[in-house]
Amino acid sequence: MSDTQTLRRFLTRHAQKAPLDPNLIFLLEDIASACRVIGNRLRNAAFEGTHGLAGETNIQGEEQKKLDVIADEAFARICGNSPRLAALVSEEKEEATWLKEPEAGDYLLFYDPLDGSSNIEVNLSVGSIFSICNVAIDSDRDVLKAGRDQVCAGYAIYGPSMMLVLTIGQGVFGFTCEYGTGDFRLTHRDMKIPAETSEFAINASRYRLWDPSIRQYVEECLQGLTGVRGRDFNMRWTASMVADVHRIITRGGVFLYPMDDGNRAQGGKLRLLYEANPMAFLVEQAGGAATTGTKRILDLAPDGHHQRVPVILGSEKEVERLIDYHRMSASQAEIS
Ligand code: P6P
């Protein structure tokens, strides 16, 4: 398989079809370098003493792990050299980090440097998530861009193999990091999510907190062959969005982190700019759908760097069913 093309070859060849800005290629290669560094630090953490807590709390009010800090610094240090990168918006930092006076055509990088980090010490897959938008006009310091304005999105998954999965708006492509050379090589062309699925992903311990629409959906799945769905379903929950979304992009499924009685005051659990938006872009580019339950995620107008939203995404037919259940639940609430 070593004849598969590298990320750089893909991006430059891709330029022959739809010219890619060389500065976007530079930025994507820097992101790949940052992810490669993070993957290596994760692999050696037991020897470097970098497991455990950093002793700080981030803007999310979460106790930072040492590797959260290392991953955030890797993104900032490596991507910070990209010539047309104007700002970094990190899950770990309250405000945007401006690297230059923004000019039209510059890029904004939104990222969750290490998502699912509670899985690190139990050696389960974790990931980095990134999203890239353009600066539209000179001196525009507004980073609250809607998901439909993304020019690129992707994630790295640090699992049995390290992969980079990304879209630049013309499909989803997966690159596996080749042990030895460290090259990300194209191994998954034009990844597509089957419209139908019999696998759902949700944190079922929150059952008591769910709205009626979510309870109805999950209960029908659990009724299986003898229930209204007429078939058995499987459930997965890894507590690592990157791992769950990668499984869905690879073989189908539906992922739910809905608004519930436990997170309603915060607007949901997952963050819009650097979790929901990039994953929604990828899922739609792979033929799936991504919604809050009532609105298309990519159409949401952000109201803050760390805004949280409900997320339902994956196989189109299941997402459509969940949208219908939300609609029916809302109309029943109006009647009662
Ligand atoms: P819970 C990880 O902290 C994360 O942001 C996502 O990666 C994951 O899907 C979710 O939270 C897990 O949440 O409530 O199951 O721990």
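Just so you know, these numbers come straight off a predicted model, no measurement behind them.

1. Focus on the pattern of salt bridges
So, point 1. Applying the stated criterion across every chain yields a total of 26 salt bridges.
So, point 2. Between R185 and E178 there is a salt bridge, with the nearest N and O atoms lying 2.9 Å from each other.
So, point 3. Accessibility expressed as a relative area gives 24% for E178, which makes it partly exposed.
So, point 4. Between R231 and E318 there is a salt bridge whose closest N-O contact spans 3.6 Å. One end of the pair, R231, is in the loop between α5 (212-223) and β12 (234-235); the other, E318, is in helix α8 (residues 316-335), and 87 residues separate them in sequence.
So, point 5. Judged by its relative accessible area of 23%, R231 is partly exposed.
So, point 6. Given a relative accessible area of 1%, E318 falls into the buried group.
So, point 7. Look at the salt bridges and you will find they share partners, linking R84, K100, E103 and D106 into a network.

2. Remarks on the domain arrangement of the protein chain
So, point 1. Partitioning the protein chain into domains gives domain 1 (7-188) and domain 2 (199-335).
So, point 2. Contact residues are listed per partner, giving 45 residues for domain 1 and 29 residues for domain 2.
So, point 3. Across the domain 1/domain 2 interface, buried area totals approximately 2,800 Å², and carbon plus sulfur atoms make up 62% of it.
So, point 4. Contact with domain 2 buries surface across domain 1, with I129, L144 and Y155 losing the most and accounting together for 20% of the total.
So, point 5. Along the contact surface separating domain 1 from domain 2 lie 14 residue pairs in polar contact (both at pLDDT 80 or more).

3. Notes on the packing of helix α2 (residues 22-43) against helix α4 (residues 66-79)
So, point 1. Following both chains from N to C, one finds α2 and α4 inclined at 150°, their axes separated by 9 Å at the closest point. Taken as axis vectors, α2 and α4 run roughly antiparallel relative to one another. Judged by the twist between their axes, the crossing of α2 over α4 is right-handed. Each of L27, D30, I31, S33, A34, C35, V37, I38, R41 and L42 in α2 lies in contact with α4, whose residues at this interface are L67, I70, A71, A74, F75, R77, I78 and C79.
So, point 2. Considering only residue class, the contact of α2 with α4 consists of 14 nonpolar, one polar and three charged.

4. Thoughts on the site of the ligand
So, point 1. Around the ligand, a shell composed of 13 residues is seen, among which D115, N203, W237, M241 and Y257 lie nearest.
So, point 2. A distance of 3.0 Å separates an oxygen atom of the ligand from a polar atom in the side chain of N203.
So, point 3. Between the ligand and W237, the relevant distance is 2.9 Å, taken from an oxygen atom to a side-chain nitrogen or oxygen of the residue.
So, point 4. Protein contacts shield 81% of the accessible area of the ligand, which totals 400 Å² for the unbound molecule.
So, point 5. Those elements giving two or more residues to the shell around the ligand turn out to be β13 (254-257) and β14 (270-271).
So, point 6. Looking at the shell around the ligand residue by residue, the classes come out as six nonpolar, three polar and four charged.

Conventions adopted
- Residues numbered from 1 in each chain as written.
- Predicted model: local features only at pLDDT ≥ 70, side-chain atom pairs only at ≥ 80, totals over all residues.
- Heavy atoms only, no water.
- Salt bridge = Lys/Arg side-chain N within 4 Å of Asp/Glu carboxyl O.
- Buried < 20%, exposed > 50% of the residue type's maximum accessible area, 1.4 Å probe, protein only.
- Helix = DSSP H or I, 4+ residues; strand = E, 2+ residues; numbered from the N terminus.
- Domains from an automatic or database assignment.
- Contact = heavy atoms within 4.5 Å.
- Buried area = accessible area lost by both parts, 1.4 Å probe.
- Polar contact = N/O pair within 3.5 Å; in protein donor to acceptor, adjacent residues only side chain to side chain.
- Axes fitted to C-alpha atoms, helices over the stretch in contact; angles between N-to-C directions.
- Parallel < 35°, antiparallel > 145°, perpendicular 65-115°, else oblique.
- Left-handed = near helix turned anticlockwise from the far one by under 90°.
- Nonpolar A, V, L, I, M, F, W, Y, C, P; charged D, E, K, R; others polar.
- Near = heavy atom within 4 Å.
- Areas by Shrake-Rupley, 256 points an atom, 1.4 Å probe, with all protein chains shown as cover.

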